[in-house]
Amino acid sequence: MNKNEDYIVRGTAADGQIRAFAAVTKNLTEQARQIHGTSPVGTATLGRLLTGGVMMGSMLKNPSDVLSIILHGDGPMGKTGITANAAGEVKGYISNPTFQNPPNIYGKLDVGGAVGNGTLQVIKDMGLKEPYSGQTALITGEIAEDLTYYFATSEQVPTSVALGVLMNKDNTVKQAGGFIIQLMPFADESLIDRLEAKIKEITSLTVLLDEGLSPEDLLNRVLGEFGLTFNDTMPAKYHCDCSRQRVEKVLTGVGKKELDSMIRDGKPITVHCHFCNTDYVFTIDDLKSL
Ligand SMILES: [Zn+2]
């Protein structure tokens, strides 16, 4: 993979007792920043969630499966959400993208303070009648810890999630990425202890990202001594699949009665896509033709 492109790598270690994902997401995080005009803390929040989400999307089995993660936080930044698929495509939104708070006690961007308390919701739409939905409490609002807790309680998979976003002085994205490492149910106890000790050695993911470590390097740092094998890589990108045609479908879906009432109101209708900030305007004539 080209070093300047975003991608996800997937691997296994310890004879399949460990599965691992790592990603660099600098470009897609920068794109999200530009689309939403996020403040530094907004970029960090959305970037971390997009990074975790794009890796979790790559865990989906079928090409048509879709995964969404929503942070229902009561903090001043409001709600943050992402949607990802199995092809490495991800998109996101944030209620108050320009909100910025002072740094936390460690001098870092205070994502947890901006997100606040609340819940983390994961929805997996796998084409069944009812989508799967799991909800857990936000632990710190820093996102990696919250996803770790989600995996442990909602999916009963011991998991370590690390996510990082680094900013340039001009608040553009310098580097972004992360990893997800999971223990399979048949993993033995001694392995768990060794892995935990190894993960503890990674004190700062952002430092490693700043050093320019690739996803392969990141996983090697943690799993190099566990017999790590890489299974595949896939490009990751910010992608919104909205279109005028899709919006038309939604509008026709609301029913003739609703449409007639919109036409009688005599005002054009604007449908806003909160993932890519595109406005679709429908004039009365457009509505009539629907
Ligand atoms: Zn869109």
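Residues numbered from 1 in each chain as written. Predicted model: local features only at pLDDT ≥ 70, side-chain atom pairs only at ≥ 80, totals over all residues.

**Some words on the overall build of the chain**
Across its full length, the chain holds ten helices and 13 strands. Its C-alpha atoms give the chain a radius of gyration of 20 Å, within 12% of the compact-globule value 19 Å for 290 residues. C-alpha extents for the chain along the principal axes are approximately 70 × 45 × 40 Å. Partitioning the intrachain contacts of the chain with sequence separation of at least 6 by distance along the chain shows that 65% fall at a separation of at least 24. (Helix = DSSP H or I, 4+ residues; strand = E, 2+ residues; numbered from the N terminus. Rg over C-alpha atoms; globule rule 2.2 N^0.38 Å. Contact = placed C-beta atoms within 7 Å.)

**Section: the domain arrangement of the chain**
Each domain of the chain was delimited in the assignment, giving domain 1 (7-238) and domain 2 (244-289). The gap between the C-alpha centroids of domain 1 and domain 2 is 35 Å. At the interface, five residues of domain 1 touch four residues of domain 2. Of all the elements in the fold, those that place two or more residues in the side of domain 1 that touches domain 2 are α1 (26-36) and β5 (89-94). The residue inventory of the side of domain 1 that touches domain 2, partitioned by class, reads two nonpolar, two polar and one charged. (Domains from an automatic or database assignment. Nonpolar A, V, L, I, M, F, W, Y, C, P; charged D, E, K, R; others polar.)

**Let's talk about the sheet that holds strand β3 (residues 66-73)**
Judged by pairing direction, the sheet is mixed, and its six strands sit side by side in the order β7-β6-β3-β4-β5-β11 without closing on themselves. The sheet is open, and its two borders are formed by β7 (132-137) and β11 (237-238), each paired with just one other strand. Where β3 lies against strand β6 (residues 118-125), eight bridges are found, and the strand directions are antiparallel. Paired with Val-66 across the strands is Asp-125, a residue of β6. (Pairing = 2+ DSSP bridges.)

**Considering helix α7 (residues 215-223)**
Listed in full, the buried residues belonging to α7 are Pro-215, Leu-218, Leu-219, Val-222 and Leu-223. When α7 is viewed along its axis, its buried side chains cluster within an angular range of 105° and face the same direction. (Buried ≥ 20, exposed ≤ 12 C-beta atoms within 10 Å, placed from the backbone. Arc of directions from axis to C-beta.)

**Quick notes on the sheet that holds strand β1 (residues 7-13)**
The strand order across the open sheet formed by five strands is β8-β9-β2-β1-β10, and the pairing between neighbours is antiparallel. Of all strands in the sheet, those bounded by a partner on one side alone are β8 (159-167) and β10 (229-235). With direction set aside, neighbouring strand axes in the sheet form an average angle of 10°. Looking at chain direction, strand β2 (residues 18-24) and strand β9 (residues 173-183) are connected through seven bridges and run antiparallel. Within the sheet, the bridge partner assigned to Phe-21 lies in β9 and is Ile-180. Helix-sheet contacts for α7 involve β1, β2, β9 and β10, and the interaxial angle to β2 is about 145°. (Axes fitted to C-alpha atoms, helices over the stretch in contact; angles between N-to-C directions.)

**Some words on the pairing of β1**
With six of its seven residues buried, β1 lies for the most part within the structure. Bridge count for β1 against β2 is seven bridges, and the pairing is antiparallel. In the sheet register, Val-9 faces β2, and the bridge partner there is Ala-22. Adjacent in sequence and paired antiparallel, β1 and β2 are bridged by four residues, among which Ala-14 carries a positive phi angle near 50°. Looking at chain direction, β1 and β10 are connected through six bridges and run antiparallel. When the bridges of β10 are listed, Val-9 appears paired with Thr-233.

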